[in-house]
Amino acid sequence: MSVSPGKFLRDVRAEAERVTWPTRRATLITTGAVLAMAGLASVFFFAVDQLIGLVVRQLFGLGG
């Protein structure tokens, strides 16, 4: 089965025209939500890491 590069490019262009692209506003809102969740997750995991480190230091007297 052989497909010419020209037909492939036409098919790609036709498929791209059928895609429903998000609006600028929707993209900005989604990006903001992703950044906010990444920030919250990083704060959460930092706090959990500090708590676990504190418990280990208290239990074993490690790490000054």
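Structural data are supplied above this passage.
Residues numbered from 1 in each chain as written. Predicted model: local features only at pLDDT ≥ 70, side-chain atom pairs only at ≥ 80, totals over all residues. Heavy atoms only, no water.

**Student:** Provide a residue-level description of the overall build of the protein chain, including the pertinent values.
**Tutor:** In terms of helices and strands, the protein chain carries two helices and zero strands. Over its C-alpha atoms the protein chain spans a radius of gyration of 25 Å, topping by over 25% the 11 Å that the globule rule assigns to 64 residues. C-alpha extents for the protein chain along the principal axes are approximately 70 × 35 × 15 Å. Within the protein chain, the proportion of its 64 residues that are buried is 0%. (Helix = DSSP H or I, 4+ residues; strand = E, 2+ residues; numbered from the N terminus. Rg over C-alpha atoms; globule rule 2.2 N^0.38 Å. Buried < 20%, exposed > 50% of the residue type's maximum accessible area, 1.4 Å probe, protein only.)

**Student:** Give a description of the pattern of salt bridges that names residues and reports values.
**Tutor:** Scanning the model with the defined rule gives two salt bridges in all. Among the ionic pairs, Arg18 bridges to Glu15, the shortest N-O distance being 2.7 Å. Of this pair, Arg18 and Glu15 both sit in helix H1 (residues 5-18), three residues apart, roughly one helical turn. Accessibility expressed as a relative area gives 57% for Arg18, which makes it exposed. The class for Glu15 is partly exposed, based on a relative accessible area of 45%. (Salt bridge = Lys/Arg side-chain N within 4 Å of Asp/Glu carboxyl O.)

**Student:** Pulling in residues and values, what's your account of the packing of aromatic side chains?
**Tutor:** Across all of its chains, the model carries one aromatic pair by this definition. Centre to centre, the rings of Phe44 and Phe45 are 5.1 Å apart; their planes meet at 70 degrees, and the pair counts as edge-to-face. For Phe45, a relative accessible area of 55% puts it in the exposed group. (Phe/Tyr/Trp six-rings, centres within 6.5 Å; stacked < 30°, edge-to-face > 60°.)

**Student:** Tell me about helix H2 (residues 24-60), and please be specific about residues and values.
**Tutor:** The end-to-end C-alpha distance of H2, which contains 37 residues, comes to 53 Å, matching closely the 54 Å that a straight helix rising 1.5 Å per residue would cover. Looking one or two places after H2, you find Gly61, whose phi comes out positive at around 65 degrees. (Expected span 1.5 Å × (residues − 1).)

**Student:** Summarise H1; cite the residues concerned and give the values.
**Tutor:** When the terminal C-alpha atoms of H1 are compared, their 20 Å separation across 14 residues agrees well with the 20 Å that a helix rising 1.5 Å per residue should span. For H1, the tally of buried residues reaches only zero of 14 residues, placing the bulk of the element at the surface.

**Student:** I'd like to hear about a nonpolar patch on the surface, residue by residue, with values.
**Tutor:** Together, Phe44, Phe45, Val48, Leu51, Ile52, Leu54, Val55, Val56, Leu59 and Phe60 make up an exposed nonpolar region whose accessible area comes to about 990 Å². Within the element layout of this structure, Val48 appears in helix H2. The class for Val48 is partly exposed, based on a relative accessible area of 31%. (Patch = residues over 30% accessible without salt bridge, like charges linked within 9 Å, V, L, I, M, F, W, Y side chains within 5 Å. Areas by Shrake-Rupley, 256 points an atom, 1.4 Å probe, with all protein chains shown as cover.)

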